[in-house]
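The lines below spell out each chain.
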Amino acid sequence: MDIAQRKQKILAAVIENYILNGEPVGSKVLEKSEDFNVSSATIRNELADLTTLGLLKQPHTSAGRVPTQMGYRFYVDNLMDVEPLSDRVSSYIQNRLRKVCDAPEHILQGAADLLCEITGTTAIATTPTGEDTRVRKIKFVQTGRYTAMMVLITSSGMVKSRLFRCDFDITSEMLNLFDRALNERLAGEPLSNINQPFIQTFAASFGELSLLMADMLIAVMDACKEASSVNVYLSGATKLLHHSDNDLFNSLTLLEYLSDNSNNEKLLRNVPEGTNIYIGRENPQRELNKNSLIATRYAIGNQPAGTIALITPLRFDYGKAVAIAENVAQTVGYLIEEVITTEK
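Figured I'd write up the structure that's included with this text. (Residues numbered from 1 in each chain as written. Predicted model: local features only at pLDDT ≥ 70, side-chain atom pairs only at ≥ 80, totals over all residues. Heavy atoms only, no water.)

## A few points about the nonpolar core
Formed by 60 residues in total, the largest nonpolar core has its most connected members in Leu30, Tyr298, Tyr318 and Val332. Top element by residues in this core is helix 12 (residues 318-342). It accounts for 12 residues. Phe178, Ile194, Phe198 and Ala219 belong to the second largest nonpolar core, which has 30 residues in total. (Core = buried A, V, L, I, M, F, W, Y, C linked by side-chain atoms within 4.5 Å. Buried < 20%, exposed > 50% of the residue type's maximum accessible area, 1.4 Å probe, protein only. Helix = DSSP H or I, 4+ residues; strand = E, 2+ residues; numbered from the N terminus.)

## Remarks on the packing of aromatic side chains
As enumerated under the stated definition, the model contains 4 aromatic pairs in all. On the numbers, 5.2 Å between centres and 80 degrees between planes, the contact of Phe202 with Phe206 is edge-to-face. The partly exposed category is assigned to Phe206, whose relative accessible area is 23%. Following the ring pairs from residue to residue traces out a cluster consisting of Phe140, Phe164 and Phe178. A cation over a ring is seen here: Arg315 above Tyr18, with NZ or CZ 5.7 Å from the ring centre. (Phe/Tyr/Trp six-rings, centres within 6.5 Å; stacked < 30°, edge-to-face > 60°. Lys NZ or Arg CZ within 6 Å of the ring centre and 35° of its normal.)

## Concerning a negative patch on the surface
Taken together, the side chains of Glu16, Asp81, Glu83 and Asp317 make up a negatively charged region of the molecular surface. Inspection of the secondary structure puts Glu16 in helix 1 (residues 5-21). (Patch = residues over 30% accessible without salt bridge, like charges linked within 9 Å, V, L, I, M, F, W, Y side chains within 5 Å. Areas by Shrake-Rupley, 256 points an atom, 1.4 Å probe, with all protein chains shown as cover. Salt bridge = Lys/Arg side-chain N within 4 Å of Asp/Glu carboxyl O. Lys, Arg positive; Asp, Glu negative; His and termini not counted. Charge placed at Lys NZ, Arg CZ, Asp CG, Glu CD.)

## Remarks on the pattern of salt bridges
Tallied over the entire structure, the rule returns 13 salt bridges. Where Glu189 meets Arg185, a salt bridge forms, and the shortest distance between an N and an O atom there is 3.3 Å. Its relative accessible area of 15% is what places Glu189 among the buried residues. Residue class for Arg185 comes out partly exposed when judged on its relative accessible area of 38%.

## With respect to unusual backbone geometry
Located in the positive-phi region is Asn302, a residue other than glycine, with phi close to 65 degrees. Within the secondary structure, Asn302 is located in the loop between strand 9 (291-300) and strand 10 (303-313). Among the residues examined, Asn302 registers a relative accessible area of 75% and is labelled exposed.

The structure is reproduced here in structure tokens:
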């Protein structure tokens, strides 16, 4: 949509005033601004044109204007400024997340809680999908004469373990053999590939030795299946009930939707790289048609991984929210990478 420069400035002023104050913005408010050296009549004409274009609407005849979903979309795409966070806020984010950086799961839950705290709205963080995650390393720990533990470490830093039992004495030499064989073959393999046919083919390559490996390979397969499932960390779902712009019925419907983590996983499953803002009816799920979704992917080792997201009212400071979400995502990425490096 091609809009003249003055109209763009007026649109930005209306949206930023409305985000700040929550009241319809009229020509008198804009006329007082030093940014507009034009008459009140000219401003009214521009507001009328922006309303005709579908970017603004008038709640009632004597009121000022408020943004439409289309208006927010134009603003986000063309007019919004995303200012870097202050050193104080950036340091606060890093210090808070470092307190929970002993495991990726704790980092992600901490990220969701921190986003909720800073922005005052609902936050979600997810682990990478199985398609994005690979086997990093497999370790074995003997726990008894006939039992041992298999420990799977993934490329995203997730750790899954399984106990398995054998019908023969387990020796350290045998576990070393298992360790070499599995790491040579499975390191770097996508978790989603390690299913029953894969394990059967892999076992067959060992001939008679596969009879000794059956329980151990089942443990590996089960751990890979669990690790390939996306974990979702939600914080502040009830914040939706406290936003003055959200009607109660819509908030309760959305709250019920978010209470099922399979919905949250589906919602964020195919988020593209970078930061994405879905406004109102742009959201793939009708439950979010009166809200906005701000989602950004975090990276581990320069590879896109899971997602950090905010669910906000339509009236929200998008620029500030993007800056916070991107900073948290960047911090999450390098903290998880630190955990992975430590586990080598």
